[in-house]
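Residue-level listing of the chains:
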Amino acid sequence: MELPYAEPFKIKMVENITRSTKEERLRWIKEAKYNLFNLSSDKVFIDLLTDSGTGAMSDKQWSELMLGDESYAGASSYYKLQHAIKDIFGFPYFLPTHQGRAAENVLFSVLVKEGDIIPGNSHFDTTKGHIEFRKAIPIDCTIDEAFDTTLYHPFKGNIDLNKLEQVLSQHHQKIPFIIITLTNNTAGGQPVSMENLKEVRYLANRYQKMIIFDSARFAENAFFIKTREKGYENRSIREIVRQMFSYADAMTMSSKKDGIVNIGGFIAMNDEKLFKQATIYNIMFEGYITYGGMAGRDMNALAQGLQESTTYEYLESRIGQVHFLGNKLKEYGIPIQEPIGGHAVFVDALKFFPHIPQSEYVAQLLAVELYIEGGVRGVEIGTLLADRDPKTGQDRYPKLEMVRLAIPRRVYTNNHMEYVAAALKNVYDRRTDIRRGFKITYEAPILRHFTVELERL
Ligand code: F0G
């Protein structure tokens, strides 16, 4: 019998979590105005709000904290992290930042100006935010297959080369760079193939454009290349990562994901001139070059985390757990985005509640019902997140209306996943009894999903 994968770690310390009753949760979520962000974490049993900054560090990472060098300038921790980044990604220059969006802020301060156009594959919200804040325009060139949740495509994060070429030829002068998000969070944690990266590089060379990778989940992307793309079966994760990044000029990183640390980010690049320009903004916004918003100890833990996240055994158990949950949901007939992504399972709320109109915030409804059922917190990726159209003031209805169940790294067991699946099944079984969604009673002009207040219809 072939042995199944098993976690390449054992548990040394535990954090107790407490269960609550359905009556308590009904009260708490009402008091929270049906916004899951308003719940204090002690009211949540299993927290799948995000996989960002919520992972468990290893004993080696914890011991690295003790070795942190907190010197303002020239700390050994900076050089340790620089060495790890050079080794793993191949970039000689790097700047630490306090998290991913800070990396975007610094790099885009150098590269993006009013009127620019930045093509990519479903830019993440903060990426889009930093582009639009500078009065530039992100253009989504993701392949169409990504928007059909039932269709199998091994690399739904891919860029459609025809769409990209059209943007490049039309707006050539206005494009400072192409951005590729690995894996593509917005489209469901879907990976980009090596072939696609190579072809985008080829196109970018023809138009002499830089390529930047938004690399938050780069290691998970590498795992999918190894397991799904022909020719990479026998290559190590580290070899695949090096090849992936050979097609990029620079990267932004949210270390809170595949760095397996609780806070941190960085920018890395090949070009010394770009490094020098970015340094100016880094010093202004983040901190001096050799710490940029991170404590020395945290840079140490990150250098170690990057080593751990780029091993096959770790990724096999990590992504294996995400797929364990996804497959359980499929067994129960629950509609999810396929194929299952790297960091999360996305439940298709429009298919879950076909009898409720999208205007009643169906993904939010599903997230709230799942919380009431089992104390499980997911997040709405749908109409609330999409905000209103700034021109018309009307809700924008995205093609996909989903609940994301993002799984923190090395935190929960598969028993927890069984529990989540059972809770969702119970909601599914009573779905036709749920007839109405929500209306908004308060909302902020942008990024409303964080603070929105709702009332049941
Ligand atoms: N890029 C991607 C693809 C992300 O998913 C995120 C964050 C960022 C950039 C920004 O990084 O949070 O460190 O500032 N995603 C989190 C999430 C918030 O829940 O998916 P950050």
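Cut-offs used in this document
- Residues numbered from 1 in each chain as written.
- Predicted model: local features only at pLDDT ≥ 70, side-chain atom pairs only at ≥ 80, totals over all residues.
- Heavy atoms only, no water.
- Domains from an automatic or database assignment.
- Contact = heavy atoms within 4.5 Å.
- Buried area = accessible area lost by both parts, 1.4 Å probe.
- Salt bridge = Lys/Arg side-chain N within 4 Å of Asp/Glu carboxyl O.
- Helix = DSSP H or I, 4+ residues; strand = E, 2+ residues; numbered from the N terminus.
- Nonpolar A, V, L, I, M, F, W, Y, C, P; charged D, E, K, R; others polar.
- Core = buried A, V, L, I, M, F, W, Y, C linked by side-chain atoms within 4.5 Å.
- Buried < 20%, exposed > 50% of the residue type's maximum accessible area, 1.4 Å probe, protein only.
- Near = heavy atom within 4 Å.
- Polar contact = N/O pair within 3.5 Å; in protein donor to acceptor, adjacent residues only side chain to side chain.
- Areas by Shrake-Rupley, 256 points an atom, 1.4 Å probe, with all protein chains shown as cover.
- Pairing = 2+ DSSP bridges.
- Axes fitted to C-alpha atoms, helices over the stretch in contact; angles between N-to-C directions.
- Expected span 1.5 Å × (residues − 1).
- Arc of directions from axis to C-beta.
- Right-handed = clockwise from strand over helix to strand, strands pointing away.
- Phe/Tyr/Trp six-rings, centres within 6.5 Å; stacked < 30°, edge-to-face > 60°.

J.: Give a detailed account of the domain arrangement of the chain, specifying residues and quantitative values.
T.: Here the domain parsing of the chain yields domain 1 (22–51 + 312–456) and domain 2 (59–309). Domain 1 and domain 2 are separated by 27 Å when their C-alpha centres are compared. Domain 1 puts 26 residues into the contact, and the matching count from domain 2 is 32 residues. For the pair domain 1 and domain 2, the summed buried surface comes to about 2400 Å²; carbon and sulfur atoms form 57% of the total. The largest share of the area that domain 1 buries against domain 2 comes from Leu315, Pro339 and Arg409, three residues that together contribute 23% of it. The residue arginine 410 makes a salt bridge to glutamate 308 at a minimum N-O spacing of 2.9 Å. Take the side of domain 1 that touches domain 2: its biggest share by element is seven residues, from helix 12 (residues 312–331). Partitioning the side of domain 1 that touches domain 2 into residue classes produces eleven nonpolar, five polar and ten charged.

J.: Describe the nonpolar core, listing the residues and the values that go with them.
T.: Formed by 79 residues in total, the largest nonpolar core has its most connected members in Phe89, Ile180, Phe213, Phe218, Met244 and Phe266. A domain-level breakdown of this core finds at least three residues from each of domain 1 (22–51 + 312–456) and domain 2 (59–309). Beyond its immediate chain neighbours, meaning those up to four positions away, phenylalanine 89 contacts Phe218, Val241, Arg242, Phe245, Met251, Phe266 and Leu306. Leu39, Ile356, Val362 and Leu365 belong to the second largest nonpolar core, which has 50 residues in total.

J.: Pulling in residues and values, what's your account of the site of the ligand?
T.: Close to the ligand lie 16 residues; Thr50, Arg101, Asp214, Ser254 and Lys257 are nearest. Separating an oxygen atom of the ligand from a side-chain N or O atom of arginine 101 is a distance of 2.6 Å. Between the ligand and the protein, one listed contact pairs an oxygen atom with a side-chain N or O atom of serine 254 at 2.7 Å. Surface burial for the ligand is 93%, taken as the share of its 470 Å² of free accessible area covered by protein chains. In terms of residue count, the dominant contributor to the shell around the ligand is helix 4 (residues 100–111) (three residues).

J.: A description of unusual backbone geometry should follow, citing residues and the corresponding values.
T.: With an omega dihedral of -20°, the bond running from leucine 182 to threonine 183 counts as a cis peptide bond. Topologically, threonine 183 is positioned in the loop between strand 5 (177–181) and helix 7 (194–206). At the junction of glutamate 338 and proline 339, the peptide bond is cis and its omega measures out at -5° in the coordinates. Secondary-structure assignment places proline 339 in the loop between helix 12 and strand 9 (344–348). Of note in the backbone geometry, lysine 33 takes a positive phi value of approximately 55° without being a glycine. Tracing the sequence through the fold places lysine 33 in the loop between helix 1 (22–31) and strand 1 (46–47). Judged by its relative accessible area of 36%, lysine 33 is partly exposed. Phi at isoleucine 260 takes a positive value of approximately 50°, unusual for a residue other than glycine. Residue placement: isoleucine 260 occurs in the loop between strand 7 (250–254) and strand 8 (265–269).

J.: Explain the sheet that holds strand 9 to me, using residue names and the numbers behind them.
T.: Think of a sheet as strands paired side by side through backbone hydrogen bonds, with each pair either parallel or antiparallel. Read from one edge to the other, the open sheet built from three strands follows the order 9-12-11, with strand pairing classed as antiparallel. Among the strands making up the open sheet, the edge pair consists of strand 9 and strand 11 (379–381). Within the sheet, the average angular offset between the axes of one strand and its neighbour, ignoring direction, is 35°. Judged from the three bridges that link them, strand 11 and strand 12 (residues 402–406) form a sheet pairing that is antiparallel. Within the sheet, the bridge partner assigned to isoleucine 381 lies in strand 12 and is methionine 402. Together, strand 9 and strand 12 form the strand contacts of helix 12, whose direction differs from that of strand 9 by roughly 25°. Here helix 14 (residues 362–374) sits on the sheet and contacts strand 9, strand 11 and strand 12; the angle it forms with strand 12, its principal contact strand, is near 45°.

J.: Summarise helix 3 (residues 76–89); cite the residues concerned and give the values.
T.: Since the α-helix turns once every 3.6 residues, residues separated by three or four places project in the same direction. An ideal rise of 1.5 Å per residue puts 20 Å on 14 residues; helix 3 measures up with 20 Å between its terminal C-alpha atoms. All buried positions along helix 3 are accounted for by Ser77, Tyr78, Leu81, Ala84, Ile85, Ile88 and Phe89. One side of helix 3 carries all its buried residues, which in axial view fall inside an arc of 130°. Among the residues trailing helix 3, glycine 90 stands out with phi positive, at a value near 90°.

J.: Would you mind going over the pairing of strand 4 (residues 137–140) in detail, with residue names and values included?
T.: Where strand 3 (residues 117–120) lies against strand 4, four bridges are found, and the strand directions are parallel. The partner of isoleucine 118 across the bridge, within strand 4, is proline 138. Taken together, strand 3, helix 5 (residues 125–133) and strand 4 form a β-α-β motif whose crossover is right-handed.

J.: If you had to explain the packing of aromatic side chains to someone new, which residues and values would you point to?
T.: Applying the stated criterion across every chain yields a total of 21 aromatic pairs. Relative to phenylalanine 266, the ring of phenylalanine 94 lies with its centre 6.2 Å away and its plane at 85°, an arrangement referred to as edge-to-face. Linking phenylalanine 94 in strand 2 (residues 93–97) with phenylalanine 266 in strand 8, this pair joins segments that are 172 residues apart in sequence. Take phenylalanine 94 and phenylalanine 266: they sit in the same class, and that class is buried. A network of ring pairs unites the aromatic residues Tyr78, Tyr79, Phe89, Phe91, Phe94, Phe213, Phe218, Phe245 and Phe266 as a single cluster.

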